[in-house]
Amino acid sequence: MKVADVENVPDAFREQLHDDGIEELYPPQAAAVEAGVTRGENVVASVPTASGKTLVAQLAMLSKVAEGGTALYIVPLRALASEKAEEFRAFEAFGVDVGVSTGNYEGTSEWLAEKDVVVATSEKVDSLVRNNASWLGNVSCVVADEVHLVDDRERGPTLEVTLAKLRQLTSDLQVVALSATVGNAEVVAEWLDAELVDSDWRPIELKKGVHYGSALHFEDDSQVEVRPRSGEKPEAALVRDALEDGGSSLVFVNSRRNAEAAARRLGETVRPFLTDDEAARCEELAAEIRDVSDTETSDDLADAVANGAAFHHAGLASEHRSIVEDAFRDRTLKAVSATPTLAAGVNTPARRVVVRDWQRYTGSGMEPLPVLEVHQMMGRAGRPGLDPYGEAVLLAKSHEDLDVLFEDYVRADPEKLRSKLVAEPALRMHVLSTVASGFARSRTALVEFLRETLYAVQEEDPQRLESLLDDVIRYLEQNDFVTRDGDELAATGLGHTVSRLYLDPMSAAAIVDGLKAADGKPSALGLYQLVSRTPDMYQLYLKSGDREQYTEEFYEREQEFLGAAPSEFEDARFEDWLSALKTARLMEDWASELDEDTITTRYGVGPGDVRGKTETAEWLLGAAESLATELDLGGDVVVGVREARKRVQDGVKEELLDLVGVREVGRKRARRLFDAGIETRADLREAPKATVLAALGGKEKTAETILENAGRQDASMADVSVDDAPEEVAAAAASSGGSGGSASGDGDDGDDDQQASLGDF
């Protein structure tokens, strides 16, 4: 089908496609058009990666925008939201306004009402529904990207419920669901009352196979020799073989440690293939990575990148991941070793994908990966327009493995999707939000609403759903989140607050109980341990020797904990309590200004983990402050929670809270200013400029910006010299590496700004 023959699409978009060299649709795209995607019909497109799903979405969205409607594009990850928003901003050339929203789960983001296309995560859309964002009623087309993630225990229920609510909000809403190839796409289509486009077509050939011994065995029974050299691992041989043909490689492994070790080895393989220009660019990227964080993880990543390779996992800071993804997309980096998280994330194609580890540890031993997950990894192989083909390879260690891998992965169909809505945390959250947001005001209405979900389509026993629902209603009623009068249900003031804050009701119950037990102003550690006990916080694991250490700390600081602690003889509960204490101690270390490298080493985590823990704690403590205010628990409790939240947000002791409230003053700058005798925002307005300049390492532009942000009228550093500062301040500045000159107002200035990942928030 020619692009010119597609109806209801703006002419300007046709011209853009023409300018991009797109004159004819791929077969799956043509099938979606024939199914009515540009006529407002619901469509489920279950097709392989790189087969043009995004264009199907664009055709649907722009046809609705041309009619005066609003399109909503839902993605599972923040990084993917940013990528898609950037891609869709090309529409602004012909008058289509694009907005993106991923954070702040408490607002309604009314500014999005002015946008024609909105990109958001499913959690953000769910929060908008909970907060009754009025503009959602104007949405005429919703696209659900990666809809196969309804099968995911963490993300799936939110996407499922959100789609059900959006369909209830707008009776004639067009739903376009984009999915990887799955075993039961027809069930998703049935749920969404949609036409199904189910295809295995790809624009370039994907060769799938298994490497064993010295050969690559493909599914068509052909073989290619790829013989590892002496001392060379099979994955390195496969990367080298791809490089010899000008291709890049993506190697999937089962753990962070394996990803890092593989990247070190792959760097040795890649380095000889880099041109001088590529090697210089890799060195520049390595320097950027070192500036993100002063941790061992950052240094290890930089060392690998300098050789043209990298690793990618959830322990990296988001800046790390962005640098790696961008450099791999433009083929500056030739090989990346990654955990499976990358397979479901942003667009990172490679000539060859190597699935080295097809098993992972689950807590009860090594288990094979799901077929769908492996197929998602394989789908990263081959980029249209750049690669002549893609290759996806699993590694076998024995002839038996060779046969098993062909049978279980290469030739196997992916698993069928199953709704995870009735997992207890999900049902708790979504039943409360459905009542609080007015979608259901009775048990009967709740049952009717839940019958619009994928779970209801798949569940053969309707009584099971009602039984689970009654259990959840009883829990919410017992914890004062809802009231029940016969069949009628209503959210209490507390229930409305919990729903608005996007909390798991069990987290809210734990926080409320803990705050009520506070005697006066709670300590920061007590609050950090309290929020670490909630289901919304992923606790750190207790490693060998940790139980003894944290048991000792438990008894030393027992008076600080909020709520009744379990007995040491209640093994499972006590271990959970100690895991929460370990997690809280990480936060306390961060809020006590311990440097990031020491924290990551002490707790065996990456900079991304520190970021994740502190951001989650900040959110939960913000929720705790709202709950304490709602329940009128007293000023000491509210103040204690607020201070603990600010400290973990900024990574500072209590004495620096006023200073870090000034824009551009992070934890390190605040400490240097404080040590120079400048302890408050008011002091910044009055202190000798030479003292300020010296404390900030002699960076004139930085000093001027900070003084302006503090409200100082005469912020200019003209004719100001560090030499005029008190001797001890000037000496401290010299020892920190500061020197004269200027830096951009929001730029980095040497040692002071190796805090970019966490210290200057």
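Keep in mind that this is a model prediction, so the values were computed, not measured. (Residues numbered from 1 in each chain as written. Predicted model: local features only at pLDDT ≥ 70, side-chain atom pairs only at ≥ 80, totals over all residues. Heavy atoms only, no water.)

### Quick look at the pattern of salt bridges
Consideration 1: All chains considered together, the criterion is met by 60 salt bridges.
Consideration 2: The partner of Arg271 in a salt bridge is Glu283, and the shortest N-O contact between them spans 4.0 Å. Linking Arg271 in the loop between helix H9 (256–270) and helix H10 (276–292) with Glu283 in helix H10, this pair joins segments that are 12 residues apart in sequence.
Consideration 3: Overall, the relative accessible area of 33% leaves Arg271 in the partly exposed class. (Salt bridge = Lys/Arg side-chain N within 4 Å of Asp/Glu carboxyl O. Helix = DSSP H or I, 4+ residues; strand = E, 2+ residues; numbered from the N terminus. Buried < 20%, exposed > 50% of the residue type's maximum accessible area, 1.4 Å probe, protein only.)

### Things to note about the environment of Glu154
Consideration 1: When you line up the elements, Glu154 lands in the loop between strand S5 (139–144) and helix H6 (156–169).
Consideration 2: According to the relative accessible area criterion, Glu154 is exposed, its value standing at 54%.
Consideration 3: Sequence separation between Glu154 and Ala423 is 269 residues, and the spatial gap between their C-alpha atoms is 9.4 Å.
Consideration 4: Separated by 3.0 Å, the side chains of Glu154 and Tyr538 make a polar contact. (Polar contact = N/O pair within 3.5 Å; in protein donor to acceptor, adjacent residues only side chain to side chain.)

### Re the sheet that holds strand S12 (residues 309–312)
Consideration 1: Pairing in this open sheet of 8 strands is mixed, and the strands run S10-S9-S8-S17-S14-S11-S13-S12 from one edge to the other. Two strands bound the open sheet, and with one partner strand each, they are strand S10 (223–225) and S12. Put simply, the sheet's adjacent strands are angled 20° from each other on average, direction ignored.
Consideration 2: Of the pairings in the sheet, the one linking strand S14 (residues 352–355) to strand S17 (residues 390–395) comprises 4 bridges and is parallel in character. (Pairing = 2+ DSSP bridges. Axes fitted to C-alpha atoms, helices over the stretch in contact; angles between N-to-C directions.)

### Details of the packing of aromatic side chains
Consideration 1: For the structure on display, the rule yields 11 aromatic pairs.
Consideration 2: Measuring from centroid to centroid gives 6.4 Å for Phe13 and Phe94, while their planes differ by 50°, and the two rings are tilted. You can see Phe13 sitting in helix H1 (residues 11–19) and its partner Phe94 sitting in the loop between helix H4 (78–88) and strand S3 (98–101), a full 81 residues away along the chain.
Consideration 3: Classification of Phe94 by relative accessible area gives partly exposed; the value is 22%. (Phe/Tyr/Trp six-rings, centres within 6.5 Å; stacked < 30°, edge-to-face > 60°.)

### Remarks on the confidence of the model for the chain
Consideration 1: On average, residues of the chain score 91 in pLDDT, and 95% of them reach the 70 mark or higher.
Consideration 2: When pLDDT is averaged over each helix and strand of the chain, the minimum, 69, is found for helix H31 (residues 727–735) and the maximum, 98, for helix H21 (residues 524–532).
Consideration 3: Residue range residues 737–761 is modelled with pLDDT below 50. Its contacts to residues more than four positions away, or to other chains, number 71 contacts. (pLDDT = per-residue confidence, 0-100. Contact = heavy atoms within 4.5 Å.)

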